[in-house]
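This is what each chain is made of:
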Amino acid sequence: MTMTADEARAARAELGLTTEQLAAELGVTEGEVIAWEAGRIRLRQRFAEQLAWLAASARREDALDAAGVPHCPEADRLTAAVEAIPPGKTSERTRVLEQMVAHARDCPTCVARRQYIDEHLPAMPPMPLPAWLTVLGRLRRLISRLPRWLRPAAWGALVVGTIVVIRATFTGLTHGFSVDLLWMALAAIGVGAYLGTVGGLVYAVVREPFRRFGRPGDYLTGLAVMYAYVLALGLPLAIFNLDPQFRTIGGWVVLAFLGTVFGLLIGRWFHGSGGGT
């Protein structure tokens, strides 16, 4: 989106910020903000989107206050807690955001605010996101349109494919690109899709029966999925004698141990996320 100098000044006025405060909010210099508002330089798209979103948020809060819709002190506290978390503390940020989601779902005040917003206020502009998150969001929407059993295959191919492309690029830059390198990359992407399909099918079969066991069921699901990965990877390699470790008892013991460790970790994630896919 584009934003004129007049629109930038109006948005800052809506927020009640000085040029110095707005610069700190957007992570730019005060000189840039002054230059935007004077029309000397063009406001870049990502800053225009961020400023438009902040102004729309302020208008929404003003409308809620004018209508007498009460604030939720706990939601305000959690929002302040998220904003206070230093960059890089991803796990801590995720934990507080999960608390916010759980609170908003059950809090009568938050439910009333959402209901008033849905019934009386215009939609917000899209929240500004880094480019990589925007791409990831689009991929997520595309994959969500696939059949449920096929989604893990798509995510497996995507994740493994991304790792392989990065490694193949570095290998190509240091040792030169070749047809063999391309075939290895394509094969690795195929393996990711294959393992993702196996995991998705196993999850679809065991999740509902195991869910009845409560929290232990989450860990049983994780173990089942991880053991399926191990078998799906190890059996073909053992049958076709492609890897000696898959033809020894000791090798399978090590893989079973690793499968148990990662299965429990996955089970912990299932428990924390509600077990959805």
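A quick note: this is a predicted structure, and the numbers were derived from the prediction, not measured.

Peer 1: Would you take a moment to explain the packing of helix H2 (residues 19-26) against helix H4 (residues 45-66) for this structure?
Peer 2: The geometry of a pair of packed helices is captured by two quantities: the angle between their axes and the separation between those axes. Where H2 meets H4, the axes come as close as 11 Å, and the angle between the chain directions of the two elements is 110°. The angle between the axes of H2 and H4 places the two elements in the roughly perpendicular class. In this structure, H2 meets H4 at a crossing whose hand is right-handed. Residue-level contacts link Leu22, Glu25 and Leu26 of H2 to Phe47, Gln50, Leu51 and Leu54 of H4. Here the contact of H2 with H4 is built from residues that sort into five nonpolar, one polar and one charged.

Peer 1: For this particular structure, what's the right way to read the pattern of salt bridges?
Peer 2: Any two side chains of opposite charge can pair if their charged atoms end up close together. Summed over all chains, the structure comprises nine salt bridges. Here Asp6 and Arg9 are joined by a salt bridge, their closest N and O atoms 2.0 Å apart. Of this pair, Asp6 and Arg9 both sit in helix H1 (residues 5-15), three residues apart, roughly one helical turn. Owing to a relative accessible area of 51%, Asp6 belongs among the exposed residues under this scheme. By relative accessible area, which is 33% here, Arg9 ends up partly exposed. For Glu32, the salt bridge goes to Arg44, with nearest N and O atoms at 3.7 Å. Here Arg44 lies in the loop between helix H3 (30-38) and H4 and Glu32 lies in helix H3, a separation of 12 residues in the sequence.

Peer 1: Even after reading the chapter, I still don't get the side chain of Thr221, so can you show me in this structure?
Peer 2: Considering the arrangement of structural elements, one finds Thr221 in helix H11 (residues 215-239). Excluding anything up to four places from it in sequence, Thr221 contacts Tyr203, Val206, Arg207, Phe210 and Phe270.

Peer 1: Would you take a moment to explain the state of the cysteines for this structure?
Peer 2: Where two cysteines share a covalent bond between their sulfur atoms, that bond is called a disulfide. Across all of its chains, the model carries zero disulfides by this definition. The closest cysteine sulfur to the non-disulfide-bonded Cys72 is located on Cys107, 3.7 Å from its own sulfur. Cys72 gets classed as buried once you look at its relative accessible area, which sits at 6%. Not part of a disulfide, Cys107 finds its nearest cysteine sulfur in Cys110, a span of 3.7 Å. Residue class for Cys107 comes out buried when judged on its relative accessible area of 10%.

What counts as what
- Residues numbered from 1 in each chain as written.
- Predicted model: local features only at pLDDT ≥ 70, side-chain atom pairs only at ≥ 80, totals over all residues.
- Heavy atoms only, no water.
- Axes fitted to C-alpha atoms, helices over the stretch in contact; angles between N-to-C directions.
- Helix = DSSP H or I, 4+ residues; strand = E, 2+ residues; numbered from the N terminus.
- Parallel < 35°, antiparallel > 145°, perpendicular 65-115°, else oblique.
- Left-handed = near helix turned anticlockwise from the far one by under 90°.
- Contact = heavy atoms within 4.5 Å.
- Nonpolar A, V, L, I, M, F, W, Y, C, P; charged D, E, K, R; others polar.
- Salt bridge = Lys/Arg side-chain N within 4 Å of Asp/Glu carboxyl O.
- Buried < 20%, exposed > 50% of the residue type's maximum accessible area, 1.4 Å probe, protein only.
- Disulfide = S-S within 2.5 Å.

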